[in-house]
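Residue-level listing of the chains:
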Protein chains: 2
Amino acid sequence: MGFNFETMKVHLINIGDELLIGQVVNTNSAWMAQQLNLYGARVTWNAIIGDDVADIHRALTDSLAHADAVLITGGLGPTKDDLTSKALADFFGVEMVFHEPTYERISRIMEKWGRQMTEAHKGQCFMPANALILHNKMGTAPGMWFDYEGKVIVSMPGVPYEMQYLMEKEVIPRLRERFPGLPIAHRTILTVGEGESIIAERLADFEETLPPHIKLAYLPGIGQVRLRLTGTGEDEAELNAQLDVKAAELSELLSELVFGKGDDQLEAAVGRMLLEQGLWLGTAESCTGGYLAHLITSIPGASGYFKGSIIAYANEIKMERLGVRADTLQQHGAVSQETVIEMVHGAVSALGVDVAVAISGIAGPSGGTDEKPVGTVWIAVGSAGRIMTKRFVIGRDRLKTIQAASVQALNMLRQWLIEERNGVIFF
Amino acid sequence: MGFNFETMKVHLINIGDELLIGQVVNTNSAWMAQQLNLYGARVTWNAIIGDDVADIHRALTDSLAHADAVLITGGLGPTKDDLTSKALADFFGVEMVFHEPTYERISRIMEKWGRQMTEAHKGQCFMPANALILHNKMGTAPGMWFDYEGKVIVSMPGVPYEMQYLMEKEVIPRLRERFPGLPIAHRTILTVGEGESIIAERLADFEETLPPHIKLAYLPGIGQVRLRLTGTGEDEAELNAQLDVKAAELSELLSELVFGKGDDQLEAAVGRMLLEQGLWLGTAESCTGGYLAHLITSIPGASGYFKGSIIAYANEIKMERLGVRADTLQQHGAVSQETVIEMVHGAVSALGVDVAVAISGIAGPSGGTDEKPVGTVWIAVGSAGRIMTKRFVIGRDRLKTIQAASVQALNMLRQWLIEERNGVIFF
């Protein structure tokens, strides 16, 4: 009998004084848990402890009594605070031995950086005699794998990208070999524009049709919800075929909300649409203050479809740089359908782009009225020929309003591009 | 004898399946640890566990054997997954009793929201008989305080702002009363522009002068380092006087790097300087793509000193909207001192502002050359009359380069404003 996502238990132990004084937020655990879930293992306990030998021993003893595998991060650096290797050797009752290949590798790295090999670095080359050394291409401290009383213990550096490299290249492949389970597979569908509860209502009947070996998880973010179907089964080909059918059904049910699958990002998906449709984008932002432009330009290659933005925080910039009429601002206010339409026209013309996105709203905490409460945001997307507009009332938190308005604007741009591609023209 | 930050031990237990599947990053622990440190307590262990009665009992037993106080978050909601209250009652061997004031409070909240009181909400009103109820103004689930075998156990909701409210208003004041220690006090000095290692070198002699009862902690962020002096002593007035002297010495040593103290933010500090000096700000951004404008507008009230920005991602926007000359771009490139100087002039004129910040760089991952590697950033800050420029080579990570360049730009703006205030004029 193999392990699958119901049965194989993993404990995580994160070691480091910096975690216990709150200097660093522990993001490693969430990343590791997500990756282990993908491959059918379940994290059932996570201990965060200091650089203290007695505590390391106590956590290990406890975890070995309750888990199939124990994954440890941290405490492998060159300083005297880093005690994990020695603590492990003591725990196993083995000697620390000098690992020549690690010494040579660190020497080469130091040479390349033009630095001297220190005593501390030499110390990093002593490891418990029973360790299988896992090659860490991203840093000096290697990972270590131990088989111990039918269980597995792995020790990795705490630096996120080093840990991630070791997990992906060394640890997860070995865990899958060591604990062979039923085939497990996933389909992730990415949605934008509605919250978890609305989506759950629309999927209520669909969820009833899922067989017991396929589960649906909701992974919500700001303005976005990822939906992950996870299945296990004896026959991998059959399982994949079943998941494809269910993923297609789910995408069909949520049709207009779905923008992609897997690890895609909304800002990247919209960027690809612009490239494919040969359209140049610009933005005109008031309340979001550049956050939308930041999201767009966080994607490498954005210069292939994004020309720039006018951040018109002051009304005079709306008038002088975007050509919004004083009359419009006076009659309808800066946060109005009329204003964002004129901002789109102004951005198209000032930036020389094919399509522009305009946002104006009240991010708060002050500036709200009964008619336009804090969180009110008007968004317009369009070209000289066709513009769509929408009003949102988001919330009272300034940063969340900025972020959610930017995501909704990207979604409206996506919808506008789909209509443009499909030849739906409104005048 | 009292407790102080060397002696009082706290364990944290965070309960919730969402933490163990990696759906939510656990930010509560870092926040709680920081707050507890401020008041002289030390977190020595943090267990993250699922909504499972046996695991809750196991974690409690272990923590009571090693800590003076155990703070628990999570598992207090109205759904059937939320088991913490019942698990605590079973652990203490007491009955669950109905708490009338909580029932009345939840009823009033539901009435206000126009919702019905459900059976699940009634369930939330049953609490262990030995609980002291802590009023939670921010949500439905109250906090609970237990005195048990000479130790303290506290249970709070896992929603961050509810937990934070309870910690600040109810838990920390009671812990300080229950474990009275020596007076403890802090001074936090905020710096920008240099890394931890450079600052540590400049403070090496200073650190030698610190008496044993005053400690210095480095809290690094992107482009910024917070320095916290923490002291304990019998005589509170004397302690505060000593800390004031040491904080002044430290500020003097780092003079030009220090922008504030306590919980201040660089973008807020610069905003206040602009307001005080009566100057309007605008930005012209290329590689940062709006992130600098976003930082500035993340501060409420930014509309009092920030007019807007031209995000000139494409060279044609640099030319057409900022008046950068084609010659300059051709001879020196978009990432050059000459270009950012012309961008400042263009932004001052196009946005009608007194001072502008311009940034142009190579965020990567592609676009680097031997002469201008990925991470090269030119920044200019100034008015029509006086401009300062600086070149940075930041790193290979796209997002970090964007963030660090924006922080360095804010710091250059701060320096420019100081010179302007002091009447240092260069032509």
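### Comments concerning the overall build of chain A
Thought 1: Across its full length, chain A carries 16 helices and 17 strands.
Thought 2: Judged by the C-alpha coordinates and their principal axes, chain A covers about 80 × 55 × 40 Å.
Thought 3: With 427 residues in all, chain A has 54% of them scored as buried.
Thought 4: Of the contacts made within chain A by residues no fewer than 6 positions apart, 68% connect residues no fewer than 24 positions apart.
Thought 5: Total accessible area on chain A is roughly 18300 Å²; 51% of this is exposed by carbon and sulfur atoms.

### Points about a nonpolar patch on the surface
Thought 1: The grouping of A:Met138, A:Val159 and A:Tyr161 at the surface amounts to a nonpolar patch, some 270 Å² of accessible area in total.
Thought 2: With respect to the helices and strands, A:Tyr161 occurs in helix H7 (residues 160-178).

### Notes on the pattern of salt bridges
Residues and elements named next belong to chain A.
Thought 1: All told, the structure shown has 26 salt bridges over all chains when counted by the stated rule.
Thought 2: For Asp90, the salt bridge identified is with Lys86, shortest N-O distance 3.0 Å. One end of the pair, Asp90, and the other, Lys86, are both in helix H4 (residues 84-92), four residues apart, so they sit about a helical turn from each other.
Thought 3: Taking the relative accessible area as the measure of exposure, Lys86 reaches 45% and is therefore partly exposed.
Thought 4: Measuring nitrogen to oxygen at the nearest pair gives 3.2 Å for the salt bridge that ties Lys246 to Glu249.

### Thoughts on the sheet that holds strand S11 (residues 224-232) of chain B
Residue and element names in this part refer to chain B.
Thought 1: Read from one edge to the other, the open sheet built from four strands follows the order S10-S11-S9-S12, with strand pairing classed as antiparallel. One side of each edge strand has no neighbouring strand; the edge strands of this open sheet are strand S10 (214-220) and strand S12 (258-261). Averaged over all pairs of adjacent strands, the angle between their axes in this sheet comes to 25°, without regard to strand direction.
Thought 2: Bridge analysis of strand S9 (residues 184-192) against S12 gives three bridges, and the strand direction is antiparallel. Paired with Ile189 across the bridge in S12 is Lys261.
Thought 3: Strands S9, S10, S11 and S12 of the sheet are contacted by helix H10 (residues 236-254), whose axis makes an angle of about 10° with S9.

### Topic: the interface of chain A and chain B
Thought 1: The interface of chain A with chain B comprises 58 residues on the first partner and 58 residues on the second.
Thought 2: Among the residues chain A hides against chain B, the three largest losses belong to A:Trp45, A:Arg58 and A:Tyr313. Together they make up 15% of the total.
Thought 3: In this structure, the connection of chain A to chain B is made through four salt bridges.
Thought 4: For B:Lys307, the salt bridge goes to A:Glu316, with nearest N and O atoms at 2.7 Å.
Thought 5: Taken together, the connections running from chain A to chain B amount to 28 residue pairs in polar contact (both at pLDDT 80 or more).

### Quick word on the relation of the copies chain A and chain B
Thought 1: Note on the copies: chain A fits chain B at an RMSD of 0.2 Å, the axial shift is 0.1 Å, and the rotation between them is 180°. What the rotation and shift describe, once combined, is the action of a two-fold rotation axis.
Thought 2: When the interface residues of chain A are mapped onto chain B, 100% of them again fall at the interface, so both copies present the same face.

### So, the environment of A:Lys307
Thought 1: One can find A:Lys307 in strand S14 (residues 306-312).
Thought 2: Classification of A:Lys307 as buried rests on a relative accessible area of 7%.
Thought 3: C-alpha of A:Lys307 to C-alpha of A:Ser63: the two residues are 244 residues apart in sequence and 54 Å apart in space.
Thought 4: When residues no more than four places from it in sequence are discounted, the contact partners of A:Lys307 are A:Trp280, A:Leu281, A:Leu351, A:Gly352, A:Val353, B:Ile311, B:Ala312, B:Tyr313, B:Ala314, B:Glu316 and B:Ile317.
Thought 5: A distance of 2.7 Å separates polar atoms of two side chains, one belonging to A:Lys307 and the other to B:Glu316.

### Remarks on the domain arrangement of chain A
Thought 1: Each assigned domain of chain A is listed here: domain 1 (8-178), domain 2 (184-261) and domain 3 (266-422).
Thought 2: Using C-alpha coordinates to define each centre, domain 1 of chain A is positioned 47 Å away from domain 3 of chain A.

### Re unusual backbone geometry
Residue and element names in this part refer to chain A.
Thought 1: Cis rather than trans, the peptide bond between Gly364 and Pro365 has omega equal to 5°.
Thought 2: Mapped onto the elements of the fold, Pro365 is located in the loop between strand S15 (355-361) and strand S16 (376-382).
Thought 3: A positive phi angle is found at Glu149, which is not glycine, with a value near 50°.
Thought 4: Structurally, the position occupied by Glu149 is in the loop between strand S7 (143-148) and strand S8 (151-156).

### Description of the pairing of strand S15 (residues 355-361) of chain B
Residue and element names in this part refer to chain B.
Thought 1: Taken across its seven residues, S15 has seven buried, putting it largely inside the fold.
Thought 2: Burial of the side chains of S15 extends over both faces: Val355, Val357, Ile359 and Gly361 are buried on one face and Ala356, Ala358 and Ser360 on the other.
Thought 3: As paired elements, S15 and strand S16 (residues 376-382) share six bridges and run antiparallel to each other. Opposite Gly361, over in S16, you have Val377 as the bridge partner.

### Looking at the packing of helix H3 (residues 53-66) of chain B against helix H4 (residues 84-92) of chain B
Residue and element names in this part refer to chain B.
Thought 1: Contact geometry for H3 and H4: axes closest at 10 Å, N-to-C directions at 55°. It follows that H3 is oblique to H4 by the angle criterion. The element H3 and its partner H4 pack so that their crossing is right-handed. Where H3 approaches H4, its residues Val53, Ile56, His57, Leu60, Thr61 and Leu64 are matched on the opposing element by Thr84, Ala87, Leu88, Asp90 and Phe91.

### Brief notes about the packing of helix H11 (residues 266-277) of chain B against helix H16 (residues 398-421) of chain B
Residue and element names in this part refer to chain B.
Thought 1: Closest axis-to-axis distance for the H11/H16 pair is 10 Å, and the angle between their directions is 30°. It follows from the interaxial angle that H11 and H16 lie roughly parallel. At the point where H11 passes H16, the crossing takes the left-handed sense. Side by side, H11 and H16 meet where Leu266, Glu267, Val270, Met273, Leu274 and Gln277 of the first sit next to Val407, Leu410, Asn411, Leu413, Arg414, Leu417, Ile418, Glu420 and Arg421 of the second.

### Quick word on the confidence of the model for chain A
Thought 1: When pLDDT is averaged along chain A, the result is 92, and 97% of the positions lie at 70 or above.
Thought 2: Our summary of model confidence lists the complex with pTM equal to 0.84 and ipTM equal to 0.83.

### Quick notes on the side chain of A:Thr297
Thought 1: Within the fold, A:Thr297 resides in helix H12 (residues 291-297).
Thought 2: By relative accessible area, A:Thr297 is classed as buried at 0%.

### Examining the packing of aromatic side chains
Residue and element names in this part refer to chain B.
Thought 1: Under the criterion given, the structure shown has 14 aromatic pairs over all chains.
Thought 2: Here Phe92 and Phe146 contribute two aromatic rings whose centre-to-centre distance is 4.7 Å and whose plane-to-plane angle is 35°, an arrangement assigned as tilted. Of this pair, Phe92 sits in helix H4 while Phe146 sits in strand S7 (residues 143-148), placing them 54 residues apart in sequence.
Thought 3: The buried category is assigned to Phe92, whose relative accessible area is 11%.

### Remarks on the sheet that holds strand S10 (residues 214-220) of chain A
Residue and element names in this part refer to chain A.
Thought 1: With antiparallel pairing, the four strands of this open sheet are ordered in space as S10-S11-S9-S12. Two strands bound the open sheet, and with one partner strand each, they are S10 and strand S12 (258-261). In this sheet, neighbouring strand axes are inclined to one another by 25° on average, regardless of whether the strands run parallel or antiparallel.
Thought 2: Strand direction decides the pairing type here: strand S9 (residues 184-192) and strand S11 (residues 224-232), joined by nine bridges, are antiparallel. Within S11, the position partnered with Arg187 by the bridge is Leu229.
Thought 3: Lying on the sheet, helix H10 (residues 236-254) is in contact with S9, S10, S11 and S12; it crosses S9 at an angle near 10°.

### Considerations on the nonpolar core
Thought 1: Grouped together as the largest cluster of nonpolar side chains are 82 residues, with contacts concentrated most on A:Val357, A:Ile379, A:Val381, B:Val357, B:Ile379 and B:Val381.
Thought 2: In this view, B:Ile379 contacts B:Val340, B:Val357, B:Ala358, B:Ile359, B:Met388, B:Thr389, B:Lys390, B:Phe392, B:Ala405, B:Gln408, B:Ala409 and B:Met412; residues no more than four positions away in its chain are not counted.
Thought 3: Core analysis: the second largest hydrophobic core is formed by 54 residues, A:Met32, A:Ile48, B:Ala69 and B:Leu71 among them.

The rules we used
- Residues numbered from 1 in each chain as written.
- Chains lettered and ligands numbered in written order.
- Predicted model: local features only at pLDDT ≥ 70, side-chain atom pairs only at ≥ 80, totals over all residues.
- Heavy atoms only, no water.
- Helix = DSSP H or I, 4+ residues; strand = E, 2+ residues; numbered from the N terminus.
- Buried < 20%, exposed > 50% of the residue type's maximum accessible area, 1.4 Å probe, protein only.
- Contact = heavy atoms within 4.5 Å.
- Areas by Shrake-Rupley, 256 points an atom, 1.4 Å probe, with all protein chains shown as cover.
- Patch = residues over 30% accessible without salt bridge, like charges linked within 9 Å, V, L, I, M, F, W, Y side chains within 5 Å.
- Salt bridge = Lys/Arg side-chain N within 4 Å of Asp/Glu carboxyl O.
- Pairing = 2+ DSSP bridges.
- Axes fitted to C-alpha atoms, helices over the stretch in contact; angles between N-to-C directions.
- Buried area = accessible area lost by both parts, 1.4 Å probe.
- Polar contact = N/O pair within 3.5 Å; in protein donor to acceptor, adjacent residues only side chain to side chain.
- Least-squares fit on C-alpha atoms with pLDDT ≥ 70 in both.
- Domains from an automatic or database assignment.
- Parallel < 35°, antiparallel > 145°, perpendicular 65-115°, else oblique.
- Left-handed = near helix turned anticlockwise from the far one by under 90°.
- pLDDT = per-residue confidence, 0-100.
- Phe/Tyr/Trp six-rings, centres within 6.5 Å; stacked < 30°, edge-to-face > 60°.
- Core = buried A, V, L, I, M, F, W, Y, C linked by side-chain atoms within 4.5 Å.

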